[in-house]
Each structure stands twice: as C-alpha cells, then as structure tokens.
Amino acid sequence: MPEETFVIAGASLAGAKAAETLREEGFAGRVLLIGEEIERPYERPPLSKGFLLDKEQREKAHVHEGDWYDKHEVDLRLGVSVDAIDRAAHQVRLSTKEPIGYDKLLLATGASPRQLEVPGSRLQGIHYLRTMADSAALKQALAHGGRRVVVAGAGWIGLETAAAARSYGNDVTVIEPEPVPLHASVGPELGAVFADLHREHGVDLRLDQGVAGFWGAGQVSAVVTSGGAEVPADVVIVGIGVRPNTRLAEEAGLEVADGVLVDASLRTSDPDIYAAGDVANAYNPLLGRRIRVEHWANALNGGPAAARAMLGQEVTYDRVPYFFSDQYDLGMEMSGVATPGEYDEVVYRGDVAGREFIAFWLSGGRVVGGMNVNVWDVTGDIQTLIRSGSPVDGTRLADPETPLTELA
Ligand SMILES: Cc1cc2nc3c(=O)[nH]c(=O)nc-3n(C[C@H](O)[C@H](O)[C@H](O)COP(=O)(O)OP(=O)(O)OC[C@H]3O[C@@H](n4cnc5c(N)ncnc54)[C@H](O)[C@@H]3O)c2cc1C
C-alpha cells in the first residue's frame, strides 16, 4: 500500500504546529509543509514588540529549531507556494510545477494585510507589517528616532507599532476613523483606556477621520486625512486589518465566507481538506456561531486540533478566543469576545486609572469577555467564568476580595 501523504499549505504557526502534532500522535506517513516565505516557520507577535524594539533576537521567534524538520521527517519546502488544488485527483500543484498527491490536506495559509488604496499609496516610506522582513525594514526606519511617523489605523498592529515608534523617540500621529482605538475589538469603554495610554505617551491621536491620500515625490512626505488636514510624515505604517488568504480554497470550490468555512472539527466542505489559524472561519460550539480568530493562540491550538481531526480523532474545537498585547508598560490578555453590540455593560475590578485591573464584558448578566491589564495568572479563571455561562452578580464581580473561582 502506498505511504499516506498529508500536505500542509502554509508554513507558519498553525502549519508547523499541525506537523508537530501529526508526529507526536504517531503518524508515520509523509508530511509536507509548504510555505511561500523563505524563513522557516516563526511566530509573528515579536514582530511588533520585542523584535521591532530590538530586545529580542529573530531566532527566538522560530517555532522549531532548524534541524527539527529533518529529525522528524517533515518535508519542509520554503519559498514554494501551493498554487492549486485538484480535489478530484487529490493533488496540489506547487509553484515548482510539481504535482503532489495528498490523502489529507490542511489549509494554514493565514492572512495578509489589507491594502490602503488611496492616491499616493505606492510612495516609498509606506510600511505594512506581516513578515519578519517587514519588521526588519520598519525597525530600520524607526530605530534612529527623530522622525515623523504616521500610523494609519488604531487597531492592535497600529497601536503596538505606535508604542514602538515612540519608544525610539519618534513623533507619532495615529489616524483612525472610529471614535476610539480598538473600537471593533473591545468597544468604546476599553478603547478609551488605550486612547489615554497613547496620549500620555505623547501620541497625537486623530480620531473620527481616515486617510484620504499621501503626498510626496517618490518618498512620502505627508498624509492627507479625510478631514482635509495634512500631517507631515517621513514614515507611514498602515495597519488597517487583514484579509484571510482564501484564494486556493475559493478556486477549489470550497465554501468560503470571510475565511474558509469549517465545522467544529476544522473540516471544510471537502471531508479530506481542513483549515486552521487565521484563514479558518470555524463553528465554535461554545459561542454557538462561526468565528474567524486572527490571533496567535488560535494558530497555536487550531493547527494541532486540525492535525488530530485529520488523523480521524474526535475533535471539537471550542476554545475561548484569547489574545495578548504589550504597549509601553501595559501588558494585557483578552479572553472571549467584546464586540460592540454584543454586550450590555462593562464591569471593572481593580484600579482602572492606574492600569491594573480586570474588565469584564457582560451580556444578559453573563460574562462573555474579560481583559486583564497588568494583572496576571487570572486568564484561566476568566475563561472558566465565560465557559460556565452562569449569571454573575456585578457587585461581587467588581470586588477584588471575591475570588473569581466563587463566581463561576
Ligand atoms: C506584527 C504582528 C503582531 C502580532 N501580535 C499578536 C499578538 O500580540 N497576540 C496575538 O494573539 N496575535 C498576534 N498576531 C497575530 C498572529 O501572529 C496570527 O494570528 C498568526 O500568525 C496566525 O498564524 P497562521 O499560521 O494561521 O497564519 P500566518 O501567520 O498568516 O501564516 C500563513 C503562512 O502561509 C503562507 N502562505 C499563504 N498562502 C500560501 C500558499 N498558497 N502556499 C504556501 N504558503 C502560503 C504565508 O506566506 C504565511 O507564511 C500578530 C500578527 C502580526 C502580523
């Protein structure tokens, strides 16, 4: 009988962790891990934090040691993309033109930055941040300080790079169409906390306005806002969200809608094809709906979950969404969801002004999200509260003397 072959498209965190799990679970067939980047699989959070700030070496970001792939007989092909899937033939076609047959295929193709399509958007000095090379280029642009940096978008990438740019002693302006930073992910209440944080660190935060265009002759020299203001700029960072890399799946006729649609076992509409990480829009039984999560923990855990499902194990991927961020001296972890319109109130425990607190988002008296800010070792308890779905007493929730474990 020919050897079974599992192919993984996308060699980043979700893909590399899936390969690791296949071997840990005893899969003895061929594993091909195919990635279009030339760098071996790495984690991206340091690219806007430690690596950008020159506090962390690039080697620390790699998912595995360089010899891990050979040692575990994982055929890692770098600088190679999967160009097409022939579902009927159970084959993928690589950019090398090589056809590879698969028994099971995992799509771990991640996401790419949304492009700002406005006049002047091709000028030099306009940066996007997704890859190690992007981060190295941005570090070079920021590290000398004294430059005028304009950040388009006050999401997580925009705010973390704004903090890095300030740390290097640059002037920083952030332009954001919403009334507060992070509005879509944490709502107006916590958005205001991050607005204060950045203003206190000297960031010129221009809210309720977008970027209408860029001026410059070859090199960007100013950003024009939708309000008509001209903001001088030597360096621009665009962080306006990402799009899932669904082209392969779409062309193969898989179900796609803001990501590759998968069930709770991360299986697509084709029973031999799975998807995990940023590209997957998965049914989460805990939330009772589909969700596409663009965060590190979802790639870390989703890749292994998909690998187990590919091996025929019973898998229900129902994790509480989790995320972390570091900006200046603020470190935070966020569990669950806090989408505006999906919660009724925010309850605080601790010192909000001193930025040492937990915020809880409640819907119908139940905790649906929780963010610990400069408070540690509480994520497990917060996630238990979210999972329990039990109604909570807001006064006890706000009281630091009441253990969170008593509320679940
Ligand atoms: C700068 C930055 C900072 C971040 N910070 C945080 C953070 O603090 N906390 C947090 O929770 N999350 C953070 N994230 C998000 C986190 O990094 C992502 O959720 C995670 O990288 C998703 O992993 P993935 O493997 O699904 O996809 P990706 O990391 O996007 O990797 C997909 C890979 O597939 C490759 N690929 C795409 N198409 C093909 C193809 N056809 N053939 C072969 N290869 C292909 C891509 O080139 C890429 O290498 C950050 C992201 C960035 C960019």
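Structural data are supplied above this passage.
Residues numbered from 1 in each chain as written. Predicted model: local features only at pLDDT ≥ 70, side-chain atom pairs only at ≥ 80, totals over all residues. Heavy atoms only, no water.

**Considering the site of the ligand**
Alright, step 1. The environment of the ligand is made up of 33 residues, and the closest members are Glu37, Arg44, Lys49, Arg130 and Asp278.
Alright, step 2. At a separation of 2.8 Å, an oxygen atom of the ligand approaches a polar side-chain atom of serine 12.
Alright, step 3. One of the backbone N or O atoms of histidine 295 is found 3.2 Å from an oxygen atom in the ligand.
Alright, step 4. Considering the ligand on its own, with 1,000 Å² of exposed area, one finds that the protein chains cover 95% of that surface.
Alright, step 5. The set of elements that each furnish at least two residues to the shell around the ligand consists of helix 1 (13-24), strand 2 (30-35), helix 4 (156-167), helix 7 (296-310) and strand 22 (322-327). (Near = heavy atom within 4 Å. Polar contact = N/O pair within 3.5 Å; in protein donor to acceptor, adjacent residues only side chain to side chain. Areas by Shrake-Rupley, 256 points an atom, 1.4 Å probe, with all protein chains shown as cover. Helix = DSSP H or I, 4+ residues; strand = E, 2+ residues; numbered from the N terminus.)

**Quick word on the pairing of strand 5 (residues 91-94)**
Alright, step 1. Side chains of strand 5 alternate between two faces, with Val92 and Leu94 buried and Gln91 and Arg93 left unburied.
Alright, step 2. Relative to strand 5, strand 4 (residues 82-86) runs antiparallel, the two being bridged by 4 bridges. In the strand pairing of strand 5, alanine 84 is matched with arginine 93.
Alright, step 3. Turn length for the strand 4-strand 5 hairpin, with the two strands adjacent in sequence and antiparallel, is 4 residues, and the turn residue histidine 90 shows positive phi of about 55°.
Alright, step 4. As defined by bridge partners, strand 5 adjoins strand 6 (residues 99-101) across 3 bridges and the pair is classed as antiparallel. When the bridges of strand 6 are listed, glutamine 91 appears paired with glycine 101.
Alright, step 5. Taking the residues that link successive antiparallel strands as the turn, the strand 5-strand 6 hairpin has 4 residues, and the phi of lysine 97 there is positive, at about 75°. (Buried < 20%, exposed > 50% of the residue type's maximum accessible area, 1.4 Å probe, protein only. Pairing = 2+ DSSP bridges.)

**So, the packing of aromatic side chains**
Alright, step 1. Evaluated as defined, the whole model comprises 7 aromatic pairs.
Alright, step 2. Taking the centre distance of 5.1 Å and the plane angle of 80° together, the rings of tryptophan 68 and tyrosine 69 count as edge-to-face. Just as tryptophan 68 is buried, tyrosine 69 falls in that class too.
Alright, step 3. Note on tryptophan 296 and phenylalanine 324: the rings are 5.4 Å apart at their centroids and 80° apart in plane angle, and the pair reads as edge-to-face. Residue tryptophan 296 is located in helix 7, and its partner phenylalanine 324 is located in strand 22; the two are separated by 28 residues in the primary sequence.
Alright, step 4. Overall, the relative accessible area of 27% leaves tryptophan 296 in the partly exposed class.
Alright, step 5. Taken together, Trp156, Phe194 and Phe323 form an aromatic cluster joined through their ring pairs.
Alright, step 6. One residue, lysine 139, lies across the ring of phenylalanine 51, its end atom 3.9 Å from the ring centre. (Phe/Tyr/Trp six-rings, centres within 6.5 Å; stacked < 30°, edge-to-face > 60°. Lys NZ or Arg CZ within 6 Å of the ring centre and 35° of its normal.)

**Notes on the sheet that holds strand 6**
Alright, step 1. Across the sheet, which stays open at both edges, the 3 strands sit in the order 4-5-6 with antiparallel pairing between neighbours. Since the sheet does not close on itself, it has two edges, and those belong to strand 4 and strand 6, each with one partner. Strand after strand, the sheet turns through a mean of 25° between neighbouring axes, direction not considered. (Axes fitted to C-alpha atoms, helices over the stretch in contact; angles between N-to-C directions.)

**Brief notes about the side chain of asparagine 284**
Alright, step 1. You can see asparagine 284 is positioned in strand 20 (residues 280-284).
Alright, step 2. On the basis of relative accessible area, asparagine 284 is assigned to the buried category, the value being 5%.
Alright, step 3. Side-chain polar atoms of asparagine 284 contact the backbone oxygen of arginine 319, separated by 3.0 Å.
Alright, step 4. Excluding residues that lie within four positions of it along the chain, asparagine 284 makes contacts with Arg289, Ile291, Tyr317, Asp318 and Arg319. (Contact = heavy atoms within 4.5 Å.)

**Concerning the packing of helix 4 against helix 5 (residues 183-200)**
Alright, step 1. Viewed as axis vectors pointing N to C, helix 4 and helix 5 meet at an angle of 10°, and their least axial separation amounts to 12 Å. The angle between the axes of helix 4 and helix 5 places the two elements in the roughly parallel class. Judged by residue contacts, Trp156, Leu159, Ala162 and Ala163 of helix 4 engage Ser185, Val186, Phe194 and His198 from helix 5.
Alright, step 2. Along the lines of polarity and charge, the residues of the contact of helix 4 with helix 5 split into 6 nonpolar, 2 polar and no charged. (Parallel < 35°, antiparallel > 145°, perpendicular 65-115°, else oblique. Nonpolar A, V, L, I, M, F, W, Y, C, P; charged D, E, K, R; others polar.)

**Some details on the packing of helix 1 against helix 7**
Alright, step 1. Across the interface, helix 1 lies against helix 7 with an axial gap of 7 Å and an inter-helix angle of 40°. Along this stretch, helix 1 crosses helix 7, giving a crossing that reads as right-handed. Along the contact surface, helix 1 presents Leu13, Ala14, Lys17, Ala18, Thr21 and Leu22, while helix 7 presents Trp296, Ala299, Leu300, Gly303, Pro304, Ala307 and Arg308.
Alright, step 2. Here the contact of helix 1 with helix 7 is built from residues that sort into 9 nonpolar, 2 polar and 2 charged. (Left-handed = near helix turned anticlockwise from the far one by under 90°.)

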